[in-house]
Amino acid sequence: PRATQGTSMSKTYKIVSALVIVAVVAIGGYYLYQQHRARKAGLLTENIVHQGDSWTADFTARIGAPEPRVFDTIKDVEHAKSDQVKSVQVISQTDKEKTVQMQIAGPGGQDITTRLAFEYFPEQHRIAYHTVDGGDFATTAQYDLEDEGPSTLMKFHESTKVAQSLPV
């Protein structure tokens, strides 16, 4: 009976050891897969369409950062750094909304000032904005973010209507 019990425990030990090894390999493989996905960050698709005085832009990109960090970066638009963005000033702000005044480098060396109202939907991983001043542009846009662990898949859609012809 003891020899049978020892062999039975040895088999159990081997099975448990094999399962632990398989689990470690699976977890390691998943981790490496996630790291590989994070490294493949960049623009995935781009489509800009112009019809008359309307423009639509659709972009899909993978960003090498977790979704909460990407969401917070978009939410903190006043910290945006770009050659085209001259300044961003927060006009009003709550937890779910923010209105900013933005000065953007425009055509012919003229700056364009516009106000944008942002709405935040953290539980849906979504941010939407639209122009509120009725200036030269009427814009609506939305960011949809998909959490991929160490990276984020971002889908962006924007529609803009130009109120008047701008010099080129």
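Heads up: the structure comes first, above all this text.
Let us look at the structure shown here.

Thresholds, definitions, all that
- Residues numbered from 1 in each chain as written.
- Predicted model: local features only at pLDDT ≥ 70, side-chain atom pairs only at ≥ 80, totals over all residues.
- Heavy atoms only, no water.
- Buried < 20%, exposed > 50% of the residue type's maximum accessible area, 1.4 Å probe, protein only.
- Helix = DSSP H or I, 4+ residues; strand = E, 2+ residues; numbered from the N terminus.
- Arc of directions from axis to C-beta.
- Contact = heavy atoms within 4.5 Å.
- Phe/Tyr/Trp six-rings, centres within 6.5 Å; stacked < 30°, edge-to-face > 60°.
- Lys NZ or Arg CZ within 6 Å of the ring centre and 35° of its normal.

Brief notes about helix H2 (residues 67–75)
Spacing of three or four residues puts side chains on the same side of an α-helix, whose turn is 3.6 residues.
Alright, step 1. Every buried residue of H2 is listed here: Glu67, Val70, Phe71 and Ile74. Seen end-on, H2 carries its buried residues on one side only, within an arc spanning 100°. Seen from the buried face of H2, the exposed residues on the opposite side, beyond 90 degrees, are Arg69 and Thr73.
Alright, step 2. In this structure, the buried residues of H2 make contact with strand E2 (54–63), strand E5 (111–121), strand E6 (126–131), strand E7 (137–147) and strand E8 (152–162).

Some remarks on the packing of aromatic side chains
Alright, step 1. Under the counting rule described, the total for this entry stands at six aromatic pairs.
Alright, step 2. An angle of 35° between the planes, with centres 6.3 Å apart, marks the rings of Phe59 and Phe156 as tilted. Of this pair, Phe59 sits in strand E2 while Phe156 is found in strand E8, placing the two residues 97 residues apart along the sequence.
Alright, step 3. We classify Phe59 as partly exposed; its relative accessible area is 22%.
Alright, step 4. Summarising the aromatic geometry, the rings of Phe118 and Tyr120 are spaced 6.4 Å apart at their centres and angled 10° between planes, so their arrangement reads as stacked.
Alright, step 5. Overall, Phe118 belongs to the buried group, its relative accessible area being 4%.
Alright, step 6. An aromatic cluster is built from Phe59, Phe71, Phe118, Tyr120, Tyr129, Tyr143 and Phe156, whose rings are joined through pairwise contacts.
Alright, step 7. Residue placement shows Lys75 over the ring face of Tyr120; its charged tip is 5.3 Å from the ring centre.
Alright, step 8. Residue placement shows Arg126 over the ring face of Phe121; its charged tip is 3.9 Å from the ring centre.

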